[in-house]
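For reference, the chains in residue letters:
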Amino acid sequence: MEKILLIRLSSLGDIVLTTPAIRAIRAHFPNAYIAMLVAKQSADILQQNPHLNEIIEFNRSAKDKDTGEMLRIIRILRQRKFGVTFDFQRKFRTELLMYFSGASERVGKGKLCTIRVPEQGNKHAIEHYFDLLHAAGIPAENRQLELFLAESERADVQHAFEEAGIAEMELKVGLFPGAGWKLREWMPERFAAIGDRLVKHFKAQVIIFGGPKEIDLVNTVSNLMNEPAIPFAGKLHIRQLTACIERCDLFLTNDTGPMHIASAVGTPTVALFGPGNHIRFQPLGDSHTVIRHDVPCSPCKQFTDKCKDNICMKQISVDEVWNSICQIIE
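Residues numbered from 1 in each chain as written. Predicted model: local features only at pLDDT ≥ 70, side-chain atom pairs only at ≥ 80, totals over all residues. Heavy atoms only, no water.

Quick look at the sheet that holds strand S6 (residues 115-116)
Test applied: For two strands to be treated as a pair, DSSP must find no fewer than two bridges joining them. Put simply, DSSP H or I for four residues or longer makes a helix, DSSP E for two residues or longer makes a strand, and each gets a number counted from the N terminus. The contact rule is simple, with two residues in contact once any of their heavy atoms fall within 4.5 Å. Helix axes are fitted only over the stretch in contact, all axes being lines through C-alpha atoms; the angle between N-to-C directions runs from 0 to 180 degrees.
Pairing in this open sheet of six strands is parallel, and the strands run S3-S2-S1-S4-S5-S6 from one edge to the other. Each edge of the open sheet is held by one strand with a lone partner, namely strand S3 (54-58) and S6. Direction of pairing for strand S5 (residues 105-108) relative to S6: parallel, over a ladder of two bridges. Bridge pairing links Val 107 to Ile 115 in S6. Against the sheet, helix H5 (residues 125-135) makes contact with strand S1 (3-8), strand S4 (84-87), S5 and S6, and its axis sits at roughly 155 degrees relative to S4, the strand it touches most.

Written out as structure tokens, the structure reads:
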């Protein structure tokens, strides 16, 4: 049996973006044992994926992640005796993990790889992942993201919605005002303005989502609204959030992981891009709309804190977001 290891230790959205590559590898090796090494903080998003035999978790929060955690993972990888590895991360740490796994075929970017595939051009992240597969002789064309939920998870969210007074037959619009990087966040008062218009014009049920660190932000947006909204922050783990987004009819979001989740579960999305690279990370497909302004400094250096005016997000107006939403709903 072919034993294949895939590596992506980065954030939630980056892992969701690997799902087309995972599917393509499984199609090419239907009987292989395929494992994926991912960050522990985001590993749950891959549960129920039928193309994976195993999910191996790397704890990026471990105090000794550069020594003890690396050695622990290397021992696990060597025990599995992988023959082929793919480094979707393309960093020195993941290249070392590939090398010390003992795999004879290592597909990635660096000098320790047996098949070296440098990143070429500014194109979508999925295409960069496909470049690795193509170099190893694996066909890949379908760029559709996919996530898998159990019916029990969907039932739990349906119950949570019912308890919150969210009616099944009414228009449900999810807002996600947070982001992993503060400069990617559109202004809370503008999210609130969109929420008010949705309730007034479409009698929509506005659900405001956020993680444990975004409770204050979600409450701020809710309190800024004149119309009623339903805050859902700090209560949901990532799979519950996925099931919630799947039940929404529309999702308005910043450039962040849940944007990719919405794309994967088929919820039409309006995505607001500022400092991030929209060519690399935009949601793909006709049901999604990207709103951004071409300012000279965008995309800017990842996770910089030097920007003082956040002009790329401030130039996105309430009216243009509203017009895009109306086109989708109507």
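Still more to cover.
So, the environment of Leu 77
Structurally, Leu 77 is set in helix H3 (residues 68-80). Placed 199 residues apart in sequence, Leu 77 and Gly 276 show a C-alpha to C-alpha distance of 34 Å.

A look at the packing of aromatic side chains
Applicable threshold: Ring geometry is summarised as follows: Phe, Tyr and Trp rings, the Trp one being its six-membered ring, pair when their centres sit within 6.5 Å, and such pairs are stacked at plane angles under 30 degrees, edge-to-face over 60 and tilted between the two. A positively charged side chain is recorded as over a ring if its NZ (Lys) or CZ (Arg) lies within 6 Å of the ring centre. The angle to the ring normal must also be within 35 degrees.
The tally for this structure, following the rule as stated, stands at nine aromatic pairs. Between Phe 209 and Phe 251 the ring centres are 6.4 Å apart and the planes differ by 45 degrees, which places this aromatic pair in the tilted class. Residue Phe 209 is located in strand S8 (residues 205-210), and its partner Phe 251 is located in strand S10 (residues 250-254); the two are separated by 42 residues in the primary sequence. Here the aromatic residues Phe 161, Phe 176, Phe 209, Phe 232 and Phe 251 are joined through ring pairs into a cluster of three or more. Lys 3 extends its terminal NZ or CZ atom over the ring of Tyr 33, reaching a point 5.2 Å from the ring centre.

Some thoughts on the pattern of salt bridges
Put simply, the test is: By definition here, a salt bridge exists when the distance from a side-chain nitrogen of Lys or Arg to a carboxyl oxygen of Asp or Glu is within 4 Å. Exposure categories follow from relative accessible area, calculated using a 1.4 Å probe and restricted to protein chains: below 20% of the type maximum is buried, above 50% is exposed, and the middle band is partly exposed.
Across all of its chains, the model carries 17 salt bridges by this definition. The shortest N-O distance in the salt bridge between Asp 66 and Arg 93 comes to 3.0 Å. Taken together, the residues Asp 66 in the loop between S3 and H3 and Arg 93 in helix H4 (residues 92-100) connect sequence positions 27 residues apart. The exposure class assigned to Asp 66 is exposed, which follows from its relative accessible area of 55%. According to the relative accessible area criterion, Arg 93 is partly exposed, its value standing at 27%. For the salt bridge of Glu 168 with Arg 247, the shortest nitrogen-to-oxygen distance reads 2.4 Å. With Glu 168 in the loop between helix H6 (151-163) and strand S7 (172-176) and Arg 247 in helix H9 (residues 238-247), this residue pair connects regions lying 79 residues apart in the sequence.

Thoughts on the nonpolar core
Filter applied, for reference: Only buried residues count toward a nonpolar core. Its members are Ala, Val, Leu, Ile, Met, Phe, Trp, Tyr and Cys residues joined through side-chain atoms within 4.5 Å.
Ranked by size, the top nonpolar core spans 57 residues in total, and within it Leu 6, Ile 25, Phe 86, Phe 88, Leu 133 and Phe 209 carry the most contacts. Other than its neighbours up to four places away in sequence, Ile 25 contacts Ile 4, Leu 6, Ile 34, Phe 86, Phe 88, Leu 133 and Ile 138. Counting residues in hydrophobic clusters, the runner-up holds 31 residues, among them Ala 192, Val 270, Cys 312 and Trp 322.

Description of the pairing of S8
Cut-off, in case you're wondering: Seen with its strands pointing away from the viewer, a crossover is right-handed when the path leading from the first strand over the helix to the second is clockwise.
Burial analysis of S8 places six of its six residues in the buried class, which makes it a mostly covered element. Between the parallel pair S8 and strand S9 (residues 230-233), the chain is carried across by helix H8 (residues 215-224), and the sense of this crossover is right-handed.

Things to note about the side chain of His 260
Relative to the helices and strands, His 260 is located in helix H10 (residues 257-265). Looking at His 260, the relative accessible area reads 4%, which means it is buried. Discounting chain neighbours no more than four positions away, the residues touching His 260 are Gly 13, Val 16, Leu 17, Leu 145 and Phe 281.

As for helix H13 (residues 318-329)
The condition is simple: The length a helix should cover is 1.5 Å for every residue beyond the first.
With twelve residues, H13 should reach 16 Å at 1.5 Å per residue; the first-to-last C-alpha distance of 16 Å fits that figure. Listing the buried residues of H13 in full gives Val 318, Val 321, Trp 322, Ser 324, Ile 325 and Cys 326. Against helix H7 (188-202), S10, strand S11 (269-272) and strand S12 (288-291) lie the buried residues of H13.

Comments concerning the sheet that holds S8
Within a sheet, each strand pairs with its neighbour through backbone hydrogen bonds, oriented either parallel or antiparallel. Sheet architecture is open: six strands sit in the order S9-S8-S7-S10-S11-S12, paired in parallel fashion. Each edge of the open sheet carries a strand with a single partner, namely S9 and S12. Strand-to-strand twist of the sheet, defined as the mean angle between neighbouring strand axes without regard to direction, takes the value 15 degrees. Inspection of the sheet shows S7 paired to S10 by four bridges, in the parallel sense. Pairing of Val 173 across the sheet is with Leu 250, part of S10. Each of S7, S8, S10 and S11 is contacted by H7, which is oriented at about 175 degrees to S7, the strand it contacts most.

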